[in-house]
Amino acid sequence: MSSYEEAFRQSVEDPESFWLEAAKAVDWDTAPTRALDDTQAPSYRWFPDGALNTSVNALDRHVAAGAGDRTALIWDSAMVPAKKTYTYAELLDEVATFAGVLRDQGVVAGDRVIIYMPMISEAAIAMLACARIGAVHSVVFGGFAAKELATRIDDARPVVLVTASGGLEPGRTVEYLPMVEAALGLTKTPPHTVIVKDREQIPGSAADYKASTAAWFDWDELVADSSPAEPVSVAATDPLYILYTSGTTGKPKGVVRDNGGHAVALTWSMRNIYDIDAGDVWWTASDVGWVVGHSYIVYGPLMAGATTVLYEGKPVGTPDAGAFWRIISENNVKALFTAPTAIRAVRKADPDAEELTKYSIDTLETLFAAGERLDPDTYEWASRVLERPVVDHWWQTETGWAIAANLRGLDPMPLKAGSPTVPVPGYRVEIVDAHGDLVKANTEGNIVVRLPLPPGTLTGLWQDEDRFRRSYLDTFPGYYLTGDSGYVDEDGYVFVLGRSDDVINVAGHRLSTGTMEAVVASHPAVAECAVVGIRDEIKGQRPSGYVVLKAGVEIDPETLRQELVAMVRDQIGAVATFRDVTVVQALPKTRSGKILRKTMRQIADNEQYTVPSTIEDPAVLEALRAQLGG
Ligand code: COA
Ligand code: AMP
């Protein structure tokens, strides 16, 4: 039996021993004597009698072990441009002091703190500072606008909001403070305090908002007047963070992560999946606003004692397609984790990888990809130009770490283009048909995971147990529904083909078509609409809107498009990348009124499709096909 097979077998046959053994790699205040608590099944808890502090595991323990001088974090901004490094001792100092600031503002264990920040070190410092005092952070991606921020504030009810004067995007600055102010005006439950990290490149500071509904303070001023906070010991089952992610409806889902299971799973994953140990340099080119950033810019690498790179910039255009290679060579990066869309962007700008010849990337051993499917073409290009393993792995905000991967530190396996390889120990991945029956190898179906999920995965949705069960557990009892469809081949390799719901994936960003439809439908000229994710050469998918005008309304299609694009940008944010609008006579529907979004997408993508037997009026589909040229 290979070491992978042995680990997998043990993880499912004897999860108690497997995960209690893995838990030994974590520093506990009270070591757990039990791994799984199944008394509330189908909701599960891990390490029910353990207590720990996540920031101690990320920082203090390494300093105490004598590694205080090791580099913990390298902030590299291609946008300013600027660079700053923090040793473990320095990062601990910054985190403990900012934790003191939060304490001084009255934040106590269990309170929520919203972090709305660009890719600067202070974002990671704020997250770790919350963890230090047992507060629950909720990071909101900087590409979301005021209304999305307000929705998250309404749900999480934070006491403090930590932000910065803004972010730097190519060719423009993004001022955060007017958006924060607008969000405070929209929410029913504003935080009592806003803390602003002032960036000299971006106008606006806390002092400009003295008359607002909350008390606004300057980060640096508060830090200068504060003292370090001691870590608070929390139950392993206490929440570490809430991270909102797109569901099929307009309201985002607040995925809750615990402290203990998360620490054990991420520590295990750094060594066994990514082959990263203390002292290695690791770089995840993502954003702290996404789960990938939480797990593998901040918590995973620091808990492993590695050096993590926090990059503010893009793969291309900041200033060129050599940005990734520069960072690898300047910082001796051992492994890079990014989204396939970033690789496609580099390839488009530099098809022969000429930029690569300007740098030495000898230290790079592996390129990891996730966030969307690594298509075989991109996989082959990257493997060829890098001459190193390019490793796809599949996961979701909900799971917090990989469901399927090629475990480079445990048992590297042959790579197959288009597959993230095999289920990770702890995840019993199965494929079922619409009735919940298991299907044969190579047959497409719903990808589900037999319960319980391993440690580190979501423990629920924030204060919405009903939605948690409806969304993930009720469809196929005994299983977690991933929302993805795909198949497993005869060698046990998993192939993920795409979402089976109305969630779309644009440039590795998970977005809800439902949220966009709600905005588009609010335009006075629009009677009804559908937004579907169509194929995009670089971003994988992009949203495409189809609108039916109200009877008697006359509006120039380009004017309508511009107005709708502006509305989506204003209400959801630039990250929605909503640019396409087509006016149609009618939307294809089933007899029960459900819009046939999948068929619309297939027509727009020029794919084969079968006309559903439940269709209300086949002529509508025919007209759409004729109009879209399929
Ligand atoms: N704050 C404010 N605006 C942001 C933003 C942020 N943090 N991130 C993106 N935006 C804006 C962009 O400036 C852009 O605005 P524009 O319409 O004015 O040009 C818009 O949102 C769309 O952004 P994006 O889809 O990211 O396109 P892009 O052209 O800026 O970059 C890629 C394209 C492929 C280079 C980029 O998407 C990328 O690097 N993706 C990696 C994805 C990733 O990290 N995923 C996380 C999971 S691993
Ligand atoms: P997010 O929650 O933003 O991480 O998005 C999760 C979704 O992204 C998954 O449900 C998949 O649809 C998609 N996804 C992420 N990684 C992969 C991958 N390696 N292969 C295929 N799809 C992926």
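Residues numbered from 1 in each chain as written. Chains lettered and ligands numbered in written order. Predicted model: local features only at pLDDT ≥ 70, side-chain atom pairs only at ≥ 80, totals over all residues. Heavy atoms only, no water.

- The name recorded for the protein in an unreviewed UniProt entry is Propionate--CoA ligase, from Rhodococcus coprophilus.
- The UniProt entry for the protein carries the following comment under Sequence similarities (unreviewed entry): "Belongs to the ATP-dependent AMP-binding enzyme family." (UniProt positions renumbered as here; feature names shortened; annotations may be inferred.)

## Observations regarding the site of ligand 1
Moving on, step 1. Near ligand 1 you find 24 residues, and of these Glu169, Arg172, Ala507, Lys539 and Arg569 are the closest.
Moving on, step 2. A distance of 2.8 Å separates an oxygen atom of ligand 1 from a polar side-chain atom of Arg569.
Moving on, step 3. In this structure, Ala574 approaches ligand 1 through a main-chain N or O atom, which is 3.5 Å from an oxygen atom.
Moving on, step 4. Relative to its unbound accessible area of 940 Å², ligand 1 is 83% covered by the protein chains.
Moving on, step 5. Its residues assigned to classes, the shell around ligand 1 shows eleven nonpolar, seven polar and six charged.
Moving on, step 6. Each of domain 1 (3-313 + 393-449) and domain 2 (505-627) gives at least three residues to the shell around ligand 1. (Near = heavy atom within 4 Å. Polar contact = N/O pair within 3.5 Å; in protein donor to acceptor, adjacent residues only side chain to side chain. Areas by Shrake-Rupley, 256 points an atom, 1.4 Å probe, with all protein chains shown as cover. Nonpolar A, V, L, I, M, F, W, Y, C, P; charged D, E, K, R; others polar. Domains from an automatic or database assignment.)

## Describing the UniProt feature "domain: AMP-dependent synthetase/ligase" (unreviewed entry) in the protein
Moving on, step 1. When the UniProt feature table is mapped to this numbering, "domain: AMP-dependent synthetase/ligase" (unreviewed entry) covers residues 62-452.
Moving on, step 2. Along residues 62-452 the backbone is 30% helical and 24% strand, and the end-to-end C-alpha distance reaches 32 Å. (Helix = DSSP H or I, 4+ residues; strand = E, 2+ residues; numbered from the N terminus.)

## Side note on the domain arrangement of the protein
Moving on, step 1. Split into domains, the protein comes out as domain 1 (3-313 + 393-449) and domain 2 (505-627).
Moving on, step 2. At the interface, 17 residues of domain 1 touch 13 residues of domain 2.
Moving on, step 3. Taking both sides of the interface into account, the surface hidden between domain 1 and domain 2 amounts to around 1,200 Å²; carbon and sulfur atoms contribute 48%.
Moving on, step 4. Remark: the boundary between domain 1 and domain 2 carries one salt bridge.
Moving on, step 5. Across the pair Glu398 and Arg510 runs a salt bridge, and its minimum N-O distance is 2.9 Å.
Moving on, step 6. Across the contact surface, domain 1 and domain 2 share seven residue pairs in polar contact (both at pLDDT 80 or more).
Moving on, step 7. Residues that form the side of domain 1 that touches domain 2 fall into these classes: four nonpolar, nine polar and four charged. (Contact = heavy atoms within 4.5 Å. Buried area = accessible area lost by both parts, 1.4 Å probe. Salt bridge = Lys/Arg side-chain N within 4 Å of Asp/Glu carboxyl O.)

## Side note on the site of ligand 2
Moving on, step 1. Looking at ligand 2, there are 15 residues lining it, with His393, Thr397, Asp484, Arg499 and Arg510 nearest.
Moving on, step 2. Contacts to ligand 2 include Gly371, whose backbone N or O atom sits 3.1 Å from a nitrogen atom.
Moving on, step 3. Separating a nitrogen atom of ligand 2 from a side-chain N or O atom of Asp392 is a distance of 2.8 Å.
Moving on, step 4. Compared with its free state, where it exposes 490 Å², ligand 2 has 94% of that area covered by protein.
Moving on, step 5. For the shell around ligand 2, the per-class residue count stands at four nonpolar, five polar and six charged.

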